[in-house]
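# A look at the structure
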Amino acid sequence: MGEGATALAGGTDLMVEVNFGHTRPENVVALRRVEELAQWEGGRIGAGVTWRRLERDGPRALAQAARTVGSPQIRNAGTLGGNVGTASPAGDGLPFLAAVDASIELASESGRRTLRWDDFFIGVKKTARRPDELISAIQLPEALPDRQEFAKIGVRNAMVIATVYCVVTRAEDGETRVALGSVAPTTIRARRAEELISSVASPGEEDLREFARLVSEEVTPITDHRSTEQYRRHSSGVLARRLLERCLR
Amino acid sequence: MTTKTTTRITPAKGGVGESPLRPDGVPKLKGTFEYAQDLHADQMLWGATTRSPHPHARIVSIDVGPALAIGGVHAVLTADDVPGRATFGLEHPDQPVLASDEVRYWGEPVAIVAAEDEPTARLAAAAVRVEYEVLEPNVDGDEAERRDDTFRRMRIRRGDQEVQGEVVVDGYYEVGMQDQAPLGTEAGLAIPDGNGGVDLYATSQFVHVDQEQVVASLGLRPDQVRAHPTGIGGAFGAREDVNLHIHLCLLALYTGKPVKMVYQRSESFTGHVHRHPARMWYRHHANRDGTLIRVEARVVIDGGAYASTTAAVLANACYFSVGPYRCDSVSVDGVGVRTNNPPCGAMRGFGAVQVCFAHEAQMDKLATELGIHPLELRRMNALTTGDHMPTTGQLIETPLPTREVIDSLEAMPIMDDGPPDDVTQLPGGTGLTTEPGDVKRGVGYALGLKNLGFSEGFDDFAQARVRLTEEGAIVETAAIEVGQGLVSVLAQIARSGLGLSRAVVKHVDTSRIESAGSTSASRQTQVSGGATLEAATKLRQRILDAHGGDDLNDSGVWRGGELVVGIEELAEAGWEETVTFRHPPTYAPDEDGQGVVHADFAVAGHRAVVDVDPDLGLVKVHRVDTSQDVGRALNPESIRGQIEGGIMQGVGLAIMEELVIEGGVIKNPNFTDYLLPTILDAPDVEALLIEEDGSWGPFGAKGVGEPPTISSTAAVAAAIRDATGRPVTRVPVRPQDIAIG
Amino acid sequence: MIVSFKLNGEETTARVTGPLSLLDMLRDEVGLPGSKSACEQGECGSCSIVLDGELVCSCLVLAGDVEGSEVTTVEGVAGADVLHPVQEAMHEAGAVQCGFCTPGFVVAAVDLFESNPSPTTSEIKEALAGNICRCTGYGAIIRAFEQLAGRGT
Ligand SMILES: Cc1cc2nc3c(=O)[nH]c(=O)nc-3n(C[C@H](O)[C@H](O)[C@H](O)COP(=O)(O)OP(=O)(O)OC[C@H]3O[C@@H](n4cnc5c(N)ncnc54)[C@H](O)[C@@H]3O)c2cc1C
Ligand code: FES
Ligand code: FES
């Protein structure tokens with residue numbers, strides 16, 4: 001992709017910016033019909049794979065996330081690559097990618113490189129992608145944890161930008177991952193809570209409570225017109241605990 | 001009390017009581033119905049508006065040069081270019097057509113442009129260089145009240161002011177700013193007539209008042225401006241005030257070309273007035289047996305920067321501050337303050353919504369305190385025909401079946417089936433936050449009361465003309481169809497008045513008929529319907545008299561079982577009848593707020609069943625059942641549509657719809673963050689219609705548009721209280737209010 | 001630039017300048033105003049169309065990106081003088097008030113019923129969650145499609 005060019009996938013983020021006059025891309029690279037980007041083999045999900053397909057065929061927690069993205073119209077058009085490209089703190093796909101330590105594959109004329117999610121997402125809507133690079137795929141690890149749960153809080157039952165997103169995964173050996181969105185400038189992992197609970201084979205009420213408390217402590221949310229810092233903190237803990245409990249069932 | 005003989009319904013297919021298919025249904029379904037947004041004229045220019053980015057500032061200078069320099073720009077106009085009255089306003093012309101010295105709210109129009117296409121027009125609007133000296137916005141209502149920066153103060157004193165009840169409950173309540181959010185934004189087209197006049201086709205609820213305001217600000221003769229009813233994508237109060245109307249006409253006359261303007265959604269949020277946010281302090285006194293003894297209330301609404309209908313909304317809030325309950329000692333003080341917040345005005349329910357949330361919370365509090373079932377307390381105090389309004393003291397002469405509403409609501413099966421197993425119907429929906437085990441169910445009741453038609457001595461009338469043509473009967477009117485089904489119901493009324501099955505409604509412009517008044521205050525079915533019925537029945541009688549007939553039907557005039565004049569012949573004769581209908585007079589209140597202030601009333605009750613996830617503060621409104629006083633159901637299906645739609649807006653206000661204002665700036669002027677309920681948020685609705693003869697509307701019909709919105713919000717709030725034990729003193733209820741408190 | 005595409009079964013060309021949305025192109029350049037613009041940001045569904053077999057919001061499609069594509073709008077779901085069963089069901093159920101949301105609902109529901117002729121109520125709701133109606137409260141819309149699905153009362 002040439003410098004100064006703008007990638008256009010499903011357009012569900014980019015066209016909003018265009019319609020509102022926030023951007024006026026001169027040189028658009030349309031990706032909607034690029035077959036290669038729509039390829040999905042094993043853990044390598046092409047950037048052009050739509051939410052619609054992820055909802056049907058994605059790993060459990062990513063499929064759960066996909067079902068809540070916008071509306072059918074948005075899911076038919078919007079892609080995982082676009083979600084990664086926008087890198088919103090409220091991106092629905094991102095907590096899953098963080099939980100499983102996915103990598104982002106970038107392609108340019110000078111070749112391909114792969115960045116782990118936490119090297120790729122560097123701030124609010126900021127990524128390590130160079131202007132000449134295209135996101136070609138999202139690479140998931142070979143083996144995914146058996147238990148994975150996603151949840152998203154919004155005040156209506158469809159089409160919401162969530163105030164808190166959470167993904168909890170738990171592997172057979174007890175290794176637990178907790179990723180949260182909308183509660184910090186980028187998607188984050190609640191590492192202390194993970195550490196605490198991973199070593200407990202069958203967590204009891206005390207452990208669960210401490211786990212929730214740590215999650216609430218680890219997030220760094222803000223107050224804005226969508227919610228308050230306090231609520232986001234509180235509900236991060238509630239949600240993480242509920243998802244963990246679902247994983248343990 | 002006056003009794004009114006209700007006009008006989010002459011049998012005719014498609015008449016009142018039926019629910020015929022909407023005449024505008026097919027074009028709307030096929031996408032061929034023409035809305036203001038879809039209008040087009042040859043050589044048409046596009047208009048756009050330069051708006052203030054500050055809620056309060058002094059305009060130091062305006063430089064239109066950079067905008068004019070853009071290719072394709074035909075005009076850039078400012079306040080200096082307004083030839084007539086510099087201001088407009090529905091009740092008081094206090095709002096500048098274009099701001100000249102000072103801007104008083106965020107998004108206030110400062111300049112308008114016309115250009116060859118829409119993008120160029122928007123570019124030019126952005127290029128107008130305005131230098132502002134930013135001033136501190138006054139956004140604090142208390143401060144405004146202290147400075148006496150107010151639009152109106154209301155004082156109501158009725159009965160003995162010293163009485164005390166054995167039980168007293170106090171409460172403070174708040175309602176956030178709701179937006180009508182009609183799906184069609186403001187749009188219109190103005191076409192110069194070549195002789196200095198102009199034809200205006202724009203979104204409106206009231207074309208005659210638009211026309212008057214255009215005439216005033218353009219300095220034209222009334223006959224030079226014609227406002228035409230136009231296809232409109234909803235209104236709910238947002239289309240009562242002028243917004244782009246004068247601008248369009250200015251640009252059209254200046255450029256000599258047709259000019260079209262369509263507000264984008266974000267602009268629409270600043271381009272029309274909103275529902276007033278309110279703060280309310282209440283004290284209810286009752287005796288141990290549950291008799292309501294005294295109500296004291298203080299109501300403060302924020303009118304924002306300009307008057308709009310704040311004075312009338314405030315009055316309504318005060319008049320209906322007690323609800324549909326008998327009470328002989330009342331004290332209400334109200335004030336509508338002026339601030340640099342967005343201007344507020346009419347929205348469905350018009351002041352009654354805000355106070356309903358408060359008085360119903362108070363009634364529930366009282367019920368708890370007294371250990372009486374909330375419905376029982378309401379029944380004991382139910383206001384009904386023959387009683388006096390608790391606030392104004394007005395004798396209620398038309399039917400007011402409050403008790404029937406309560407009884408029928410109570411009798412409706414509760415269908416308490418427990419939290420649904422369908423995840424889309426749980427709080428949080430497919431967000432998967434909540435499982436059935438996390439849910440607490442609550443049930444809440446509320447009643448609401450509101451006036452129908454205009455009040456306080458306003459000369460409320462509507463003209464309609466019924467003509468017999470080859471197409472059948474035609475009802476000519478300037479009453480706006482906003483989606484509610486006026487085009488169906490007026491035709492039905494004409495059919496039942498004439499005894500003919502072919503009737504259609506045809507909209508005509510302001511030069512061809514007198515005003516029908518506004519499509520608001522739930523009034524058109526009663527007032528324009530009243531005019532239509534009177535015109536139809538008079539016409540029928542005149543035709544019968546002229547031909548010595550004893551019956552008129554689709555074949556023609558009959559006498560003694562024989563056809564004497566065929567319908568074609570009647571059509572050729574050009575029969576027509578024009579009627580101006582007025583409802584019973586109302587009067588301005590005295591200094592204590594007493595008097596015959598209202599023409600008619602309607603009452604409705606709602607029972608909400610909600611599922612709440614208390615730990616996350618998420619709410620799903622499971623169902624809302626209702627019983628509503630409709631006088632006579634002229635079109636049951638349309639009424640159901642009004643009820644379901646009105647309830648949805650009430651639910652929206654209860655749990656999600658709020659314009660968030662910070663320092664006078666709207667933080668969420670878009671559909672991403674101003675949340676409207678989706679189909680997955682819709683509750684199931686069961687509706688009972690209470691019919692009773694005696695209102696002055698056609699065949700005894702009452703207006704039905706607003707009551708569904710009034711008490712549904714309060715019922716949902718009550719149900720959330722029931723589920724969570726939280727006080728819920730503010731709507732919309734936010735997740736944090738429930739989860740954290 | 002000139003865009004050529006198949007619109008409601010017919011080869012069509014339109015001229016576009018700048019980054020125009022398909023919605024604006026349809027309404028202003030092609031002269032098909034049936035698709036409505038109510039939010040310009042994918043939140044209301046009034047502009048729903050089918051693009052290469054997928055239901056999408058035309059306000060979020062770049063006009064230039066439909067070169068060689070197939071587009072179906074509300075004007076194309078049924079012949080000039082007939083109603084599609086989806087339209088008929090809405091008409092009969094009283095699901096149209098102001099009608100501004102109606103074209104979007106028609107297109108979305110036609111798409112639903114093509115892939116799933118007898119959806120459950122829950123499927124109907126989830127499929128139409130991207131279409132906002134401000135007037136009806138959705139009751140009549142749901143009844144219309146329950147009826148069409150053979151589930152109505
Ligand atoms: C109504 C509505 C509701 C929404 N709801 C949700 C929601 O619930 N959850 C959520 O997460 N998001 C939501 N979104 C946002 C959006 O739909 C998603 O982020 C979507 O995944 C974006 O994908 P896209 O293909 O449409 O991206 P586009 O808009 O095409 O692109 C987005 C950005 O990424 C860049 N980009 C795209 N593809 C590539 C690539 N291959 N390489 C490099 N850069 C690329 C683009 O240049 C652009 O900057 C919503 C949007 C709308 C309009
Ligand atoms: S205009 Fe496209 S979704 Fe609202
Ligand atoms: S009918 Fe008006 S928005 Fe749906």
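Residues numbered from 1 in each chain as written. Chains lettered and ligands numbered in written order. Predicted model: local features only at pLDDT ≥ 70, side-chain atom pairs only at ≥ 80, totals over all residues. Heavy atoms only, no water.

## Re the side chain of D111 of chain C
Examined against the element boundaries, D111 of chain C turns out to sit in helix α3 (residues 102-115). With no salt bridge to any partner, buried D111 of chain C finds its closest opposite charge in R52 of chain A, at an N-O distance of 5.0 Å. Sequence-distant contacts of D111 of chain C, defined by excluding residues within four places in its chain, comprise V50, G53 and L55 of chain C. (Helix = DSSP H or I, 4+ residues; strand = E, 2+ residues; numbered from the N terminus. Buried < 20%, exposed > 50% of the residue type's maximum accessible area, 1.4 Å probe, protein only. Lys, Arg positive; Asp, Glu negative; His and termini not counted. Salt bridge = Lys/Arg side-chain N within 4 Å of Asp/Glu carboxyl O. Contact = heavy atoms within 4.5 Å.)

## Brief notes about unusual backbone geometry
Residue and element names in this part refer to chain B. Omega for the peptide link from V731 to P732 comes to -5 degrees, which places this bond in the cis form. Along the polypeptide, P732 turns up in the loop between β31 (730-731) and α17 (735-739). Of note in the backbone geometry, A181 takes a positive phi value of approximately 40 degrees without being a glycine. Mapped onto the secondary structure, A181 falls in the loop between β10 (167-175) and β11 (187-192). Positioned with a positive phi, L432 is a non-glycine residue whose angle comes to about 55 degrees. One can find L432 in the loop between α11 (402-411) and β18 (440-452).

## Details of the site of ligand 1
Around ligand 1, 34 residues are found, and the nearest of them are A7, T12, D13, T79 and D92 of chain A. Each of chains A and C places residues near ligand 1. Contact distances for ligand 1 include 2.5 Å between an oxygen atom and a side-chain N or O atom of T12 of chain A. For ligand 1, whose accessible area on its own is 970 Å², the fraction buried by protein is 92%. With 4 residues, helix α5 (residues 80-86) of chain A is the single largest residue contributor to the shell around ligand 1. (Near = heavy atom within 4 Å. Polar contact = N/O pair within 3.5 Å; in protein donor to acceptor, adjacent residues only side chain to side chain. Areas by Shrake-Rupley, 256 points an atom, 1.4 Å probe, with all protein chains shown as cover.)

## Digging into the pairing of strand β1 (residues 45-51) of chain B
Residue and element names in this part refer to chain B. When you tally the buried positions in β1, you get 7 out of 7 residues, the bulk of the element. The two faces of β1 match: L45, G47, T49 and R51 on one face and W46, A48 and T50 on the other face are all buried. By the bridge criterion, 2 bridges tie β1 to strand β14 (residues 259-262) in an arrangement that is parallel. Within β14, the residue paired with L45 across the bridge is V259. Two elements, β1 and strand β7 (residues 109-115), share 6 bridges in a ladder whose sense is antiparallel. (Pairing = 2+ DSSP bridges.)

## Quick notes on the interface of chain A and chain B
If you look at the interface, chain A gives 28 residues, while chain B gives 36 residues. Between chain A and chain B the total buried area reaches about 2,700 Å² when both faces are included, carbon and sulfur atoms providing 54% of it. When the buried area of chain A at its contact with chain B is split by residue, R156, N157 and R242 of chain A rank highest and sum to 28% of it. Where chain A meets chain B, there are 6 salt bridges. The residue D438 of chain B makes a salt bridge to R242 of chain A at a minimum N-O spacing of 3.5 Å. Counting the contacts that link chain A with chain B gives 16 residue pairs in polar contact (both at pLDDT 80 or more). Those elements that place two or more of their residues in the side of chain A that touches chain B are α3 (60-68), β10 (147-153) and α10 (229-248) of chain A. Per element, the largest residue contribution to the side of chain A that touches chain B is 8 residues, and it comes from α10 of chain A. Here the residues of the side of chain A that touches chain B sort into 10 nonpolar, 11 polar and 7 charged. (Buried area = accessible area lost by both parts, 1.4 Å probe. Nonpolar A, V, L, I, M, F, W, Y, C, P; charged D, E, K, R; others polar.)

## Regarding the environment of P93 of chain B
All names here are of chain B. By the secondary structure assignment, P93 is in the loop between β4 (87-88) and β5 (95-96). When its relative accessible area of 40% is taken as the criterion, P93 is described as partly exposed. Taking C-alpha positions, P93 is 9.0 Å from Y306, a pair spaced 213 residues apart along the chain. Apart from the residues within four sequence positions on either side, P93 is in contact with R85, T87 and F88.

## Overview of the domain arrangement of chain B
Where the parts come together, the accessible area they lose is often given as the size of the interface. All names here are of chain B. By domain assignment, chain B separates into domain 1 (25-33 + 461-582), domain 2 (37-136 + 181-271) and domain 3 (278-454 + 591-738). Each of domain 2 and domain 3 has a C-alpha centre, and the two are 35 Å apart. Contacts between the two partners involve 24 residues from domain 2 and, on the opposite side, 27 residues from domain 3. Each partner contributes to the roughly 2,100 Å² buried at the junction of domain 2 and domain 3, and carbon and sulfur atoms together form 64% of this total. Among the residues domain 2 hides against domain 3, the three largest losses belong to W106, F236 and F269. Together they make up 31% of the total. One can count 0 salt bridges joining domain 2 with domain 3. At the boundary of domain 2 with domain 3, the tally comes to 7 residue pairs in polar contact (both at pLDDT 80 or more). Of all the secondary-structure elements, those providing two or more residues to the side of domain 2 that touches domain 3 are β5 and α7 (265-271). Of all the elements, α7 adds the most residues to the side of domain 2 that touches domain 3, at 4 residues. Grouping the constituent residues of the side of domain 2 that touches domain 3 by class yields 10 nonpolar, 6 polar and 8 charged. (Domains from an automatic or database assignment.)

## Quick notes on the interface of chain B and chain C
Contact with chain B, which involves 54 residues of that partner, is made by 50 residues of chain C. At the boundary of chain B with chain C, total buried surface from both sides reaches about 4,100 Å², with 57% on carbon and sulfur atoms. When residues of chain B are sorted by the area they lose upon contact with chain C, L29, L183 and I679 of chain B head the list and together hold 22% of the total. At the boundary of chain B with chain C, the tally comes to 4 salt bridges. With a closest N to O distance of 2.8 Å, E644 of chain B and R143 of chain C form a salt bridge. Among the secondary structure elements, those contributing two or more residues to the side of chain B that touches chain C are α1 (25-30) and α15 (636-655) of chain B. Per element, the largest residue contribution to the side of chain B that touches chain C is 8 residues, and it comes from α15 of chain B. Here the side of chain B that touches chain C is composed, by residue class, of 21 nonpolar, 21 polar and 12 charged.

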